[in-house]
Amino acid sequence: MTGQRVVELFGIPTVASDIDWKKIVKEQYCPYLERACLKVRKSQPDLAIGTCSVNYGVRDPKDILVCPHRMLSSGRIFIDCLHLLRLHEPGNELHRIAQVEIPGGSVDYFLVSAQSGKVVDFVGIELQTLDTTGTVWPQRQRFLQSVGVGDIDENYSNKPFGMNWKMTAKTILMQLHHKIETFEGLGKHLVLIVQDVLFQYITRQFSFGHIGTAKLGHSQHFHSYTFVKDQNNERKRCNFRLGTALICKECL
C-alpha cells in the first residue's frame, strides 16, 4: 500500500504528543523562516498549507521533504559550505542573503564573508526538494481531523498525491546549467542542496559519469543530505546529515 501521510506540519512532527494543533494552525508560523509559512493554497492565499515533509512510497515508504525551507533547520547546510569561502578569515562577518538575481535566474541563498562592510567572498546555494503531483491537502486535513481540528474537505477527500520526480530533476538541472556560467566566470562556487532520495534519482536517470569527489577547485558542488530523526524523542525536529559531497569535474 502506498504511503500517504503528512510527517511534519508547520515544523512539528505529526506524531508529537501534547501539541495544541488548533493554535499551530491558526498561527501558521514557520520556525525555519521565523515568519509566516509561505506554502499557501492557490485558491486561498491567506491559508498556509504548512506541510514540511510527507511519507510516500509503495514497497518502501520514505519521509520526503516537500518544502525547501525545511532544509534551513539549524543552519547545517550553510556550515557545510564554509570551506568554500576560500578568502574568509577569522573576524570576518558572515551573512546569509536570500533570493539574489544573477544572469540565468535567481539564487536561493548567498553565504557571504564580509570585512569592514565589503564583500570578501561568497558561495551560491540552491535548495531543491521534491514537488508533488496532485495535492497534499486531503492528508493534511485528515491528520487535523484526527487531532480534533477542522473537517475533511469532501471535494478533495479521495484524491491522492504523488511525487514529481522527473520534472523536479529536469528543472533543477536546467537551472544549474543556466547559472553555473556566472560562478565559473567569477571563480566562485554554486552548491546544490538536495535530499538523498532525490539525488539518488537524479544520478540514476541522468549521466553523472563526469561527477567525482568534491574538491575546492571546482565551481559546481552537490551536497546530498539524509533526513535523520531522533527515535527517542518524538518532539525533536528532524536534522540533516551530509551524506554525499560531489563536484562536476567539467566545471573548472
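Each chain has its residues counted from 1, following the order in which its sequence is written. Given that the model is predicted, a residue must reach a pLDDT of at least 70 before its local features are reported, and side-chain atom pairs must reach 80 or more before they are shown or counted; all residues, however, enter totals for whole chains, interfaces and linings. Side-chain figures throughout are based on the complete set of non-hydrogen atoms in the structure, without hydrogens or water.

Trainee: Would you explain the pairing of strand β5 (residues 51-57) in this entry?
Mentor: If a strand is regular, its side chains alternate between the two faces of the sheet. Burial status follows relative accessibility: with a 1.4 Å probe on protein chains alone, a residue under 20% of its type maximum counts as buried, one over 50% as exposed, and anything between as partly exposed. Comment: elements are numbered from the N terminus, with helices defined as DSSP H or I runs of at least four residues and strands as E runs of at least two. For β5, the tally of buried residues reaches 6 of 7 residues, placing the bulk of the element in the interior. By this definition, two strands are paired if DSSP reports at least two bridges between them. In terms of strand pairing, β5 meets strand β6 (residues 62-65) through 4 bridges, oriented antiparallel. Note that in β6 the partner of Ser 53 across the bridge is Leu 65.

Trainee: I tried to follow helix α4 (residues 165-186) on my own but got confused; where do I start?
Mentor: It helps to recall that an α-helix has 3.6 residues per turn; residues three or four apart then point in one direction. Given a rise of 1.5 Å per residue, 22 residues ought to cover 32 Å, and the 32 Å separating the end C-alpha atoms of α4 matches this to within 8%. Here the bend at each residue means the angle between axes fitted to two seven-residue stretches, the one ending at that residue and the one beginning there. When the local axis directions of α4 are compared, the greatest deviation, roughly 35°, occurs at Lys 179. Residues Thr 168, Ala 169, Ile 172, Leu 176, Lys 179, Ile 180 and Phe 183 constitute the buried set of α4. Lining the buried residues of α4 we find β7 (93-102), β8 (105-115), β9 (118-128), β12 (189-195), α5 (196-205) and β14 (220-228). Remark: Gly 187 follows α4 within two positions and exhibits a positive phi of approximately 70°. To estimate the expected span of a helix, count its residues, drop one, and scale the result by 1.5 Å. Two residues form a contact once any of their heavy atoms are found within 4.5 Å.

Trainee: What is the right way to look at the packing of α4 against α5 in this model?
Mentor: Comment: axis = line fitted to C-alpha atoms, over the contacting stretch for helices; angle = value between 0 and 180 degrees taken between N-to-C directions. The geometry of α4 relative to α5 is characterised by a closest axis approach of 10 Å and an angle of 80° between their N-to-C directions. Put simply, α4 runs roughly perpendicular to α5. For the pair formed by α4 and α5, the contact residues are Trp 165, Lys 166, Thr 168, Ala 169, Ile 172 and Leu 173 on the first element and Val 197, Leu 198, Tyr 201 and Ile 202 on the second. Should an angle lie under 35 degrees it is considered roughly parallel, over 145 roughly antiparallel, and from 65 to 115 roughly perpendicular; all remaining angles are considered oblique.

Trainee: Would you explain the nonpolar core in this entry?
Mentor: Soluble globular proteins tend to pack their nonpolar side chains together in the buried interior. In plain words, nonpolar cores are sets of buried Ala, Val, Leu, Ile, Met, Phe, Trp, Tyr and Cys residues tied together by side-chain atoms within 4.5 Å. Counting residues in hydrophobic clusters, the biggest one holds 61 residues, and the most contacted among them are Trp 21, Ile 125, Phe 183 and Ile 193. The residues contacting Phe 183, other than those within four sequence positions of it, are Ile 102, Val 107, Phe 110, Phe 122, Gly 124, Lys 188, His 189, Leu 190 and Ser 219.

Trainee: Would you take a moment to explain unusual backbone geometry for this structure?
Mentor: Most of the time, phi is negative for any residue but glycine, and the peptide bond is trans. Positive phi, normally seen in glycine, also occurs at Gln 28, with a value near 55°. The residue Gln 28 is located in the loop between α1 (21-27) and β3 (29-30) in this model. For Gln 28, a relative accessible area of 15% corresponds to the buried category. Backbone geometry at Ser 116 places phi at a positive 55°, although glycine is not the residue there. By secondary structure assignment, the location of Ser 116 is in the loop between β8 and β9.

Trainee: Looking at this structure, I do not really get the packing of aromatic side chains. What am I missing?
Mentor: Aromatic rings in a pair are described by how distant their centres are and how their planes are angled relative to each other. Between the rings of Phe, Tyr and Trp (Trp by its six-membered ring), a pair exists once the centres lie within 6.5 Å; its type follows the angle of the planes, with under 30 degrees stacked, over 60 edge-to-face, and the other angles tilted. Here the structure, examined in full by the defined rule, presents 7 aromatic pairs. Judged by centre distance (5.7 Å) and plane angle (40°), the ring pair of Tyr 56 and Phe 161 falls under tilted. Of this pair, Tyr 56 sits in strand β5 while Phe 161 sits in strand β11 (residues 161-163); the two residues are 105 residues apart in sequence, bridging distant segments of the chain. Judged by its relative accessible area of 3%, Phe 161 is buried. Judged by centre distance (5.5 Å) and plane angle (80°), the rings of Phe 78 and Tyr 109 are edge-to-face. Of this pair, Phe 78 sits in helix α2 (residues 76-79) while Tyr 109 is found in strand β8, placing the two residues 31 residues apart along the sequence. Owing to a relative accessible area of 7%, Phe 78 belongs among the buried residues under this scheme. Residue Tyr 109 is classed as buried on the basis of its relative accessible area of 9%. Members of the aromatic cluster, each reached through a chain of ring pairs, are Phe 110, Phe 122 and Phe 183. Cation over ring: Lys 188 sits above Phe 122, and NZ or CZ is 5.5 Å from the ring centre. Criterion for a charge above a ring: Lys NZ or Arg CZ within 6 Å of the ring centre, and within 35 degrees of the ring normal.

Trainee: I tried to follow the confidence of the model for the protein chain on my own but got confused; where do I start?
Mentor: Low-pLDDT stretches of the model should not have their predicted coordinates read in fine detail. Confidence of the predictor at the level of single residues is captured by pLDDT, which takes values from 0 to 100. When pLDDT is averaged along the protein chain, the result is 85, and 83% of the positions lie at 70 or above. Under a pLDDT of 50 for its full length, residues 232-252 has, in the predicted model, 87 contacts with residues more than four places off or in other chains.

Trainee: What is the right way to read a nonpolar patch on the surface from this model?
Mentor: A surface patch of nonpolar side chains, amounting to about 230 Å² of accessible area, comprises Ile 79, Leu 82 and Leu 94. Tracing the sequence through the fold places Ile 79 in helix α2. Two distance rules govern patches: like charges are joined within 9 Å, and nonpolar side chains (Val, Leu, Ile, Met, Phe, Trp, Tyr) within 5 Å, applied only to residues with over 30% relative accessible area and no salt bridge. Each accessible area value is a Shrake-Rupley result obtained with a 1.4 Å probe; residue values ignore everything except the protein chains displayed when judging cover. The working definition used for a salt bridge is a side-chain nitrogen of Lys or Arg within 4 Å of a carboxyl oxygen of Asp or Glu.

Trainee: In this structure, what is going on with the pairing of β12? I would like to understand it.
Mentor: Counting buried positions along β12 yields 7 of 7 residues, so the element is predominantly enclosed. Bridge analysis of β9 against β12 gives 6 bridges, and the strand direction is parallel. Opposite Ile 125, over in β12, you have Val 191 as the bridge partner. Of the pairings in the sheet, the one linking β12 to β14 comprises 6 bridges and is parallel in character. The residue bridging Leu 192 from the neighbouring strand is Phe 222, located in β14.

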